[in-house]
Amino acid sequence: MRISVIGCGYLGAVHAASLVELGHEVVGIDVDERKSAALGHARSPFYEPGFQDLLEHSLASGRLSFSTDVTQAAGARVHFICVGTPQKHGEYGADLQFVQAAAESLLRVLEPGELVVGKSTVPVGTAAGLAQMYGEKVPGSLVAWNPEFLREGFAVRDTLHPDRLVYGIADGAEAATIESMLDEVYGPIVARGTPKVVTDYATAEMVKTAANSFLATKISFINAMAELCEATGADVKQLADAIGYDDRIGRKFLNAGLGFGGGCLPKDIRAFMARAGELGADQALTFLREVDNINMRRRIRMVELAREVCDGSLLGKRVAVLGAAFKPDSDDIRDSPALNVAAQLQLQGPSSG
Ligand SMILES: NC(=O)c1ccc[n+]([C@@H]2O[C@H](COP(=O)([O-])OP(=O)(O)OC[C@H]3O[C@@H](n4cnc5c(N)ncnc54)[C@H](O)[C@@H]3O)[C@@H](O)[C@H]2O)c1
Ligand SMILES: O=c1ccn([C@@H]2O[C@H](COP(=O)(O)OP(=O)(O)O[C@H]3O[C@H](CO)[C@@H](O)[C@H](O)[C@H]3O)[C@@H](O)[C@H]2O)c(=O)[nH]1
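Residues numbered from 1 in each chain as written. Chains lettered and ligands numbered in written order. Predicted model: local features only at pLDDT ≥ 70, side-chain atom pairs only at ≥ 80, totals over all residues. Heavy atoms only, no water.

- The name an unreviewed UniProt entry gives the protein chain is UDP-glucose 6-dehydrogenase, with Blastococcus brunescens as the organism.
- Quoted straight from UniProt, the Sequence similarities (unreviewed entry) entry for the protein chain says "Belongs to the UDP-glucose/GDP-mannose dehydrogenase family."
- Under the UniProt heading Catalytic activity (unreviewed entry), the note attached to the protein chain is "UDP-alpha-D-glucose + 2 NAD(+) + H2O = UDP-alpha-D-glucuronate + 2 NADH + 3 H(+)". (UniProt positions renumbered as here; feature names shortened; annotations may be inferred.)

Written out as structure tokens, the structure is:
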């Protein structure tokens, strides 16, 4: 199948190359000329384990190309939207300008019968809005929402071996067609019996933000326990091990430390809270404000610990911060807790950071 991928960042570039691995012919479109050129020359613009090899392999097949020109997406049966949805400056809500621009750019090529699939993480209600826009401007075109759950550092593995597929599809005469088009896209993944949830747009959008909210809550829960452990002399790691043996709790995402950062969890819980407010359901998510607060306290606590180690003052001290990315096996510094701590330390007066 010929497929286009609009937006070739951490998500889209891996998605594009993985689709080639699944047997398709793919064109990746990105407005960033340098990124698009680098990808086309088999140079990964970011560090992601296994991606460089996958990119080279996919390009060598002759079925993968990259361009800044959206007209190159013409003739694709499926168009994936993979652009960023960052936090708005000074607000909690998600900035949808890139999704809007990408969706509108597709109007130059979209034909009836072609399917637009959203993969970006968006506030609930976005897919319905885009479906309405396409319904008016390209009658007969199709829309689905298919959230992505990959983790950076494991992006290639997670894309090719996801633990589930979620298809958000509107009720109607075209629903079965859309489902079978997505099944064709994910052929080998579907064939091996990967769990699949076929649902409406709103549920598909919410599955993504609910999953990230749950993960963030788990991390903040154990970090709240860490605060108590510090106050009592208890050992938070042993506590996590002991509660984690209970299958209902599980040991994953119970590592206390600097808290969560990155281009997803922090902005996604905030966007979820903002959207709940718009929907008049803000009380349902007030707990996420506390999840966020606990998380930000970890960074402050790290600076306090450094000050304590430096005899109560950082003035004139030389402090090294090892590591800048938000997690291991990544070069992504978006909302990096390490950089935040480094910036706070700098403000407190070490001679160099
Ligand atoms: N990074 C992850 O691990 C991950 C995992 C799951 C979901 N997501 C979600 O996927 C989306 C993308 O995240 P990302 O980390 O890949 O972001 P990113 O910033 O790395 O990549 C986004 C890309 O889109 C491009 N772009 C912006 N506007 C465009 C347009 N109009 N046309 C074509 N390209 C355009 C940008 O140049 C950039 O290369 C976000 O909604 C994010 O929440 C990310
Ligand atoms: O026990 C833990 C686990 C993680 N972290 C931190 O949490 C952050 C996020 O880690 P992780 O979730 O592994 O990385 P992401 O690549 O941001 O992936 C999350 O965000 C993606 C984008 O939405 C989703 O697709 C993934 O499913 C979701 O795990 C990082 O700062 C980690 O250091 C902890 O502090 N303790």
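**Thoughts on the UniProt feature "domain: UDP-glucose/GDP-mannose dehydrogenase C-terminal" (unreviewed entry) in the protein chain**
- Taking the UniProt record as the reference, the feature "domain: UDP-glucose/GDP-mannose dehydrogenase C-terminal" (unreviewed entry) is found at residues 320-349.
- As annotated, residues 320-349 has a helix share of 37% and a strand share of 0%, and its two end C-alpha atoms lie 13 Å apart. (Helix = DSSP H or I, 4+ residues; strand = E, 2+ residues; numbered from the N terminus.)

**Describing the packing of aromatic side chains**
- All told, the structure shown has four aromatic pairs when counted by the stated rule.
- Relative to Phe51, the ring of Phe46 lies with its centre 5.3 Å away and its plane at 15 degrees, an arrangement referred to as stacked. The same class applies to Phe46 as to Phe51, namely buried.
- Taken together, a centroid distance of 6.5 Å and an interplanar angle of 25 degrees make the contact between Tyr167 and Tyr186 stacked. Linking Tyr167 in strand β7 (residues 165-169) with Tyr186 in the loop between α7 (175-185) and α8 (187-191), this pair joins segments that are 19 residues apart in sequence.
- With relative accessibility at 0%, the residue Tyr167 sits in the buried group.
- Its guanidinium or amino end placed over the ring of Phe154, Arg151 lies 4.2 Å from that ring's centre, counting from NZ or CZ.
- The ring of Phe149 is capped by Arg164, whose NZ or CZ atom sits 3.6 Å from the centre of that ring. (Phe/Tyr/Trp six-rings, centres within 6.5 Å; stacked < 30°, edge-to-face > 60°. Buried < 20%, exposed > 50% of the residue type's maximum accessible area, 1.4 Å probe, protein only. Lys NZ or Arg CZ within 6 Å of the ring centre and 35° of its normal.)

**Re the site of ligand 2**
- Around ligand 2, the structure places 20 residues, and the nearest of them are Phe149, Leu150, Glu152, Lys208 and Cys264.
- Between ligand 2 and Lys208, the relevant distance is 2.8 Å, taken from an oxygen atom to a side-chain nitrogen or oxygen of the residue.
- The contact in question runs from an oxygen atom of ligand 2 to an N or O atom on the side chain of Asn212, over 2.8 Å.
- Taking 700 Å² as the accessible area of ligand 2 by itself, protein coverage stands at 87%.
- Listing elements by their share of the shell around ligand 2, those giving two or more residues are α9 (201-232) and α11 (265-278).
- Looking at the shell around ligand 2, the element that brings in the most residues is α9, giving four residues.
- Its residues assigned to classes, the shell around ligand 2 shows 10 nonpolar, four polar and six charged.
- When residues of the shell around ligand 2 are assigned to domains, at least three fall in each of domain 1 (2-199) and domain 2 (208-347). (Near = heavy atom within 4 Å. Polar contact = N/O pair within 3.5 Å; in protein donor to acceptor, adjacent residues only side chain to side chain. Areas by Shrake-Rupley, 256 points an atom, 1.4 Å probe, with all protein chains shown as cover. Nonpolar A, V, L, I, M, F, W, Y, C, P; charged D, E, K, R; others polar. Domains from an automatic or database assignment.)

**Re the site of ligand 1**
- Lining the immediate surroundings of ligand 1 are 26 residues, of which Asp30, Lys35, Thr85, Glu152 and Lys267 lie closest.
- Residue Glu152 places a side-chain N or O atom 2.8 Å away from a nitrogen atom belonging to ligand 1.
- Take Arg334: an N or O atom from its side chain is 2.8 Å from an oxygen atom of ligand 1.
- Considered on its own, ligand 1 offers 830 Å² of accessible surface; in the complex 89% of this is hidden by protein.
- Breaking the shell around ligand 1 down by element, the ones donating at least two residues are α1 (10-21) and α4 (97-105).
- Residues belonging to the shell around ligand 1 are distributed by class as follows: 12 nonpolar, six polar and eight charged.
- When residues of the shell around ligand 1 are assigned to domains, at least three map to each of domain 1 (2-199) and domain 2 (208-347).

**Thoughts on the nonpolar core**
- Core analysis: the biggest nonpolar cluster contains 42 residues, and Phe51, Leu64, Val78, Phe80, Leu115, Leu182 and Tyr186 have the highest contact counts within it.
- In terms of residue count, α1 provides more of this core than any other element does, eight residues in total.
- Not counting the four nearest positions on each side in its chain, Leu64 is found in contact with Ala16, Ala17, Val20, Val26, Leu55, Ser58 and Leu59.
- Counting 28 residues, the second-largest nonpolar core is a separate cluster that includes Ala73, Leu110, Val138 and Val143. (Core = buried A, V, L, I, M, F, W, Y, C linked by side-chain atoms within 4.5 Å. Contact = heavy atoms within 4.5 Å.)

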